[in-house]
Amino acid sequence: MSNSELNIYIPNDLSLGIIQSQLINKGNHFFSKKYSSIKYHANIKNQKKLIGITLIDIIWYKNIFISLLKLPKKTNIYTRSIWEFSLIILISKLLKKSYVIYDYRGLVSSEFAFNNGNPLKLIILKFYERLPAKYANEIHTVSIKFKNLLEEKFKTKVHHVIPCLVNEVRLPEQTPVDGKIKFIYIGSMSKWQKIDVVLDLYKKIHQEIDCSLTIITNEPLKAKKQINDNEKNDIDILTGDNAFVLEQLKSHHVGFLFRDNYLFNNVASPVKLLEYITNGVLPFMPDHIGDYSQLTKNLKISIPEKNTISREEIMDKRNQLFKIKNQLDIFSWGNYDEEKYFNLIISNK
């Protein structure tokens with residue numbers, strides 16, 4: 001095996017969509033520029049889940065220990081799981097002197113503290129979360145804010161910032177908005193996605209302007225319970241896969257993306273934001289979502305979280321979104337450029 005080969009380990013808990021759009025695409029578009037050969041390693045338990053993914057070279061394993069032991073010395077390994085990384089440093093890095101790339105995709109300890117709070121488990125999680133910062137040869141992350149946090153908190157060096165990117169920019173031709181303003185919400189009914197705030201705010205907006213709301217969720221029954229049957233306010237509830245979502249976005253104008261002001265949201269890179277703007281939908285969002293709050297402010301295309309919004313404001317920002325559509329290419333895997341991305345974030349601060 002040549003040193004120009006990269007072994008990418010697919011975590012067991014990732015959804016099919018994220019595996020394809022964020023992990024395999026990273027291999028195909030980013031790592032393929034540096035490595036002549038890329039092999040994907042996945043647990044055989046996930047064969048059914050991954051059946052829809054076409055890979056030229058995938059290696060199935062039953063036990064990750066054995067899989068790592070089979071790798072030759074001084075190979076290259078990529079992982080985005082702190083649990084896999086702990087095994088990799090024991091076997092492949094210490095014993096085989098491998099070059100290990102770790103990708104910080106989220107602040108796991110902060111999310112755990114928000115959802116659980118068990119102090120002993122939190123201490124253990126924080127310990128494992130620090131290991132890549134200390135022992136990885138190369139570190140990636142998803143936002144400049146996350147890069148700054150890691151370098152300050154863990155005293156490490158982040159080598160690459162690569163946000164969650166989209167396959168392609170699908171911005172349609174701009175058409176006049178003569179009728180209703182079409183709002184859209186994509187996501188679960190989980191409290192952390194603030195669906196209750198979305199519905200309350202939409203109700204106020206509906207009283208001021210002619211509009212409708214489409215909710216696309218895998219939890220349609222929960223969504224129906226969230227909505228008062230006597231006050232539907234032009235709300236439709238739909239469900240479908242990612243292809244269905246992208247098709248729906250083409251006919252909508254404003255998308256809700258609300259999050260609470262927690263550390264894990266401050267450093268996040270939600271792909272939903274890029275799906276919105278690269279399909280012609282304005283993001284309605286707060287000012288603490290990773291790099292994206294600042295970026296969309298700089299591009300003058302976001303709508304800040306507030307009590308109401310006018311039709312005129314929507315039209316002005318929509319015109320700006322279509323005006324800058326050529327700039328949006330850098331949010332696709334095939335055209336991503338770290339320096340251009342960095343300049344978009346720091347400009348007009």
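Everything below is about the structure shown above.
Residues numbered from 1 in each chain as written. Predicted model: local features only at pLDDT ≥ 70, side-chain atom pairs only at ≥ 80, totals over all residues. Heavy atoms only, no water.

A word on a nonpolar patch on the surface
Put simply, the rule reads: Within the patch definition used here, like charges are joined within 9 Å and nonpolar side chains (Val, Leu, Ile, Met, Phe, Trp, Tyr) within 5 Å, considering only residues with over 30% relative accessible area and no salt bridge. For the accessible areas, the method is Shrake-Rupley and the probe is 1.4 Å, while residue cover comes only from the protein chains on display. Think of a salt bridge as a Lys or Arg side-chain nitrogen and an Asp or Glu carboxyl oxygen that are within 4 Å of each other. Under the scheme applied here, a residue whose accessible area is under 20% of the maximum for its type counts as buried, over 50% as exposed, and between as partly exposed, the area being computed with a 1.4 Å probe on protein chains only.
Together, L90, L94 and L95 make up a nonpolar patch on the protein surface, roughly 320 Å² of accessible area in all. For L90, a relative accessible area of 51% translates into the label exposed.

With respect to the pairing of strand β1 (residues 5-9)
Quick note on the threshold: Counting from the N terminus, the helices are DSSP H or I runs at least four residues long and the strands are E runs at least two residues long. Criterion used throughout: strands pair if DSSP finds at least two bridges between them. By convention a crossover is right-handed if, when the strands point away from the viewer, the path from the first strand over the helix to the second runs clockwise.
Counting buried residues along β1, five of its five residues qualify, which places the element largely inside the surrounding structure. Burial along β1 is two-sided: E5, N7 and Y9 and L6 and I8, pointing in opposite directions, are all buried. As paired elements, β1 and strand β2 (residues 37-43) share five bridges and run parallel to each other. Considered in β2, the bridge of L6 is made with I38. Crossover connection from β1 via helix α1 (residues 16-30) to parallel β2: handedness right-handed.

Points about the pattern of salt bridges
In this structure the tally under the stated criterion is 12 salt bridges. The partner of E138 in a salt bridge is K34, and the shortest N-O contact between them spans 3.4 Å. Placement of the pair is E138 in strand β6 (residues 138-141) and K34 in the loop between α1 and β2, with a sequence separation of 104 residues. The class of E138 is buried, set by a relative accessible area of 6%. With relative accessibility at 52%, the residue K34 sits in the exposed group. With a shortest N-O distance of 3.4 Å, E219 and K222 are connected by a salt bridge. Judged by relative accessible area, which is 23%, E219 ranks as partly exposed. Through salt bridges with shared partners, a single ionic network connects K26, D103 and R105.

Re the packing of aromatic side chains
Inclusion rule: We call Phe, Tyr and Trp rings a pair once their centres come within 6.5 Å, taking the six-membered ring for Trp, and we label the pair stacked below 30 degrees between planes, edge-to-face above 60, and tilted otherwise. Ring-over charges, as used throughout, are those where CZ of Arg or NZ of Lys falls within 6 Å of the ring centre and within 35 degrees of the ring normal.
One pass over the full model with this rule turns up 16 aromatic pairs. Taken together, a centroid distance of 6.0 Å and an interplanar angle of 70° make the contact between F183 and Y202 edge-to-face. On the criterion of sequence distance, the pair formed by F183 in strand β8 (residues 181-186) and Y202 in helix α7 (residues 195-208) is long-range, its members being 19 residues apart. Both residues of the pair, F183 and Y202, belong to the buried class. Here the basic side chain of K26 rests over the ring of F30, its NZ or CZ set 5.9 Å away from the ring centre. Directly above the ring of Y185 sits K272, whose terminal nitrogen or CZ lies 5.4 Å from the centroid.

Details of the sheet that holds β1
Strand order in the open sheet formed by seven strands is β3-β2-β1-β4-β5-β6-β7, with parallel pairing between adjacent strands. Taken across any chain shown, the strands that pair with only one partner, and hence form the sheet edges, are β3 (58-61) and β7 (160-161). For strand β5 (residues 99-104) and β6, the ladder comprises four bridges, and the chain directions are parallel. Looking across to β6, one finds that D103 is bridged to H140.

Structural notes on the sheet that holds strand β13 (residues 303-304)
What counts is decided by this rule: Only heavy atoms matter for contacts: two residues are in contact if any of them lie within 4.5 Å across the pair. Throughout, an axis means a line fitted to C-alpha atoms (over the contacting stretch in the case of helices), and angles, computed between N-to-C directions, take values from 0 to 180 degrees.
Spatial strand order, β10-β9-β8-β11-β12-β13: six strands in an open sheet with parallel pairing. Of all strands in the sheet, those with a lone pairing partner are β10 (235-238) and β13, marking the two edges. Taken together, the four bridges between strand β9 (residues 211-216) and β10 define a ladder with parallel strand orientation. The residue bridging T214 from the neighbouring strand is D236, located in β10. Those strands touched by α7 are β8, β9, β10, β11 (254-256) and β12 (282-285), and its axis lies near 160° from that of β9.

Describing the nonpolar core
Looking at soluble globular proteins, one finds that nonpolar side chains tend to be buried together. Heads up, the rule is: Only buried Ala, Val, Leu, Ile, Met, Phe, Trp, Tyr and Cys residues count toward a nonpolar core, and they belong to the same one when joined by side-chain atoms within 4.5 Å.
Counting 61 residues, the largest nonpolar core has F183, L213, F256, F284, I314, F331 and Y341 as its most contacted members. It is α7 that provides the largest number of residues to this core, a total of six residues. Here F284 is in contact with F183, L201, I205, V254, G255, F256, L257, F258, I303, P304, E305 and K306, once residues within four sequence places are set aside. Grouped together as the second largest cluster of nonpolar side chains are 30 residues, I64, L68, L71 and Y102 included.

These figures capture arrangement, not role.
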